[in-house]
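These are the residues of each chain, in order.
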Amino acid sequence: MKTILYFINFAMYIAVRQQRCSALNGEWTSVVSACIRGHNNVVTHSTSVQACQELCEQQDNFRCLSIDFHSNGGNCHLSRYNRNSVPSTDDFTQPCYLDGWLYAERKDLDFPWSEVVHGCIRGNNRRDYSTSSMEACQLRCERETSFPCLSVDFKDGQCLLSDFNRESVRPLSDYTQPCYIEGFQYSERTDKKYFWTETASACIRGNNNEHHNNINSLEACKDLCYQENTFACLSVDYHPTHANKPCHLSSFNRNSVQPSGDFTQPCYLDGWLYAERVNVGQWIPVIERACIRGHNEWEADTEDFESCKILCSQKSNCCSIDYNRETKRCLMTSHTRASVTDSTFLSPCSGYSYSERTDLRCVTS
């Protein structure tokens, strides 16, 4: 009897071990009856949907974002595209235009890169790797943990990673297009493109990574934050009327600082100004004269459409905006066109312009 129990326990142990070893590393959407037409980077076979997903996660030569799987024959198709990034919206069909195909996509990855151009950033490289392609170089940048990688230069297998992009590098002339060295290609991350919030009378107490004096303006203080390469600078405190004109740089912002009481608005000391960098995310092109009716969860007045997007991006589940350029009214919601009825998404919608995020898994029903 003890021998039988031993073997039962051992078999259960092996089963749990195998289950743990085969666990997926990434986060995936639910499996649905759908597919992407004609954009397969790898065509192979697997024993199950999960085995197909594991093959996708193991790809090093391209960023695998989705799988199509057919249980009849175990066909497993891996693609660098997902439903948001396919070149044509008709390329993703749900249900699939062919019977029996199942689809899933990664929730923890998207395609966060600008178009590849013949350019480069001069003399601001933090890492030098050898990779087989530009896309493999981009993957290196995404997986870099020692600093926030924002852009890559690639030529003949040489992959250079930088914590600057063409907008943040100083002087701006360090970005050249075409590159001052022939043959280099350039691409920058669009999911790491930072903007600044509006200036507030506020500050973060006691969490400054760097102190600078004799800085003539808040904009110059922000530039120091942009140029910082020893840590990811996310916010600044600046005092314009103090004799030393101090500028404080921090790796925290109002949401990440602990305890939260260290962010005070107004600042516990008079005269301090505060601004923080915001990752605005990825958005579809603006649809003019369009809006979602009756789903406004947040409202504000902003100077322009871009400021409305920035305000939305500061809310964890804001997925789309309607903006009126005449009244400067910014309407925000967790819904998108896909989650409301045809009669609720209005096009034309007089006076408003519409856009929605593609890098969030927003409400879909």
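How each quantity is defined
- Residues numbered from 1 in each chain as written.
- Predicted model: local features only at pLDDT ≥ 70, side-chain atom pairs only at ≥ 80, totals over all residues.
- Heavy atoms only, no water.
- Core = buried A, V, L, I, M, F, W, Y, C linked by side-chain atoms within 4.5 Å.
- Buried < 20%, exposed > 50% of the residue type's maximum accessible area, 1.4 Å probe, protein only.
- Helix = DSSP H or I, 4+ residues; strand = E, 2+ residues; numbered from the N terminus.
- Contact = heavy atoms within 4.5 Å.
- Salt bridge = Lys/Arg side-chain N within 4 Å of Asp/Glu carboxyl O.
- Disulfide = S-S within 2.5 Å.
- Pairing = 2+ DSSP bridges.
- Axes fitted to C-alpha atoms, helices over the stretch in contact; angles between N-to-C directions.
- pLDDT = per-residue confidence, 0-100.

- Per an unreviewed UniProt entry, the protein chain goes by the name Apple domain-containing protein and belongs to Holothuria leucospilota.

Focus on the nonpolar core
Now for step 1: Core analysis: the biggest nonpolar cluster contains 14 residues, and Cys 312, Ile 321 and Met 332 have the highest contact counts within it.
Now for step 2: Among the secondary structure elements, those contributing two or more residues to this core are α5 (305-313), β23 (320-324) and β24 (329-333).
Now for step 3: Tallying contributions element by element places α5 first for this core, with four residues.
Now for step 4: Look past the residues within four positions of Met 332 in its chain and what remains in contact with it is His 295, Asn 296, Glu 297, Trp 298, Glu 299, Ala 300, Leu 311, Cys 312, Lys 315, Cys 318, Ser 320 and Ile 321.
Now for step 5: Of all hydrophobic cores here, the second largest spans 13 residues; its members include Phe 231, Val 236, Cys 247 and Ala 275.

A look at the pattern of salt bridges
Now for step 1: Applying the stated criterion to the full structure yields 13 salt bridges.
Now for step 2: The partner of Glu 356 in a salt bridge is Arg 337, and the shortest N-O contact between them spans 3.2 Å. Taken as a pair, Glu 356 in strand β26 (residues 352-356) and Arg 337 in the loop between β24 and β25 (345-346) lie far apart in primary sequence, 19 residues in all.
Now for step 3: Judged by relative accessible area, which is 11%, Glu 356 ranks as buried.
Now for step 4: Residue classification places Arg 337 among the partly exposed residues on the basis of a relative accessible area of 35%.

A closer look at the state of the cysteines
Now for step 1: Counting across every chain of the model gives 12 disulfides.
Now for step 2: The disulfide that involves Cys 312 links it to Cys 318, with 2.0 Å between the sulfurs. Residues Cys 312 and Cys 318 share a disulfide whose torsion about the S-S bond is about -110°; that sign makes it left-handed. As far as the burial class goes, Cys 312 and Cys 318 line up, both buried.

Side note on helix α2 (residues 49-57)
Now for step 1: Counting buried positions along α2 gives seven out of nine residues, so the element sits mostly inside the fold.
Now for step 2: Turning to α2, its buried residues are Val 49, Ala 51, Cys 52, Gln 53, Glu 54, Cys 56 and Glu 57.
Now for step 3: The inward-facing, buried residues of α2 abut β3 (66-70), β4 (75-79) and β6 (101-105).

Re the sheet that holds β3
Now for step 1: Strand order in this open sheet of four strands is β2-β4-β3-β6, and the pairing throughout is antiparallel. Pairing within the sheet leaves two strands with one partner each, and these edge strands are β2 (42-45) and β6. Across the sheet, the axes of successive neighbouring strands diverge by a mean angle of 20°, strand direction being ignored.
Now for step 2: As paired elements, β2 and β4 share four bridges and run antiparallel to each other. Residue Val 42 lies in a different strand from β4, and its bridge partner there is Leu 78.

A few points about the environment of Asn 214
Now for step 1: Among the secondary structure elements, Asn 214 is positioned in the loop between β15 (210-212) and α4 (218-227).
Now for step 2: On the basis of relative accessible area, Asn 214 is assigned to the exposed category, the value being 59%.
Now for step 3: Sequence separation of Asn 214 and Thr 176 is 38 residues, and the distance between their C-alpha atoms is 31 Å.
Now for step 4: The contacts of Asn 214, once residues within four sequence positions are left out, are Asn 244 and Lys 245.

Here's the deal with the confidence of the model for the protein chain
Now for step 1: Here the protein chain shows a mean pLDDT of 85. Residues at 70 or above account for 91%.
Now for step 2: Counted against residues more than four places away or in other chains, residues 1-21, with its pLDDT under 50, gives zero contacts.

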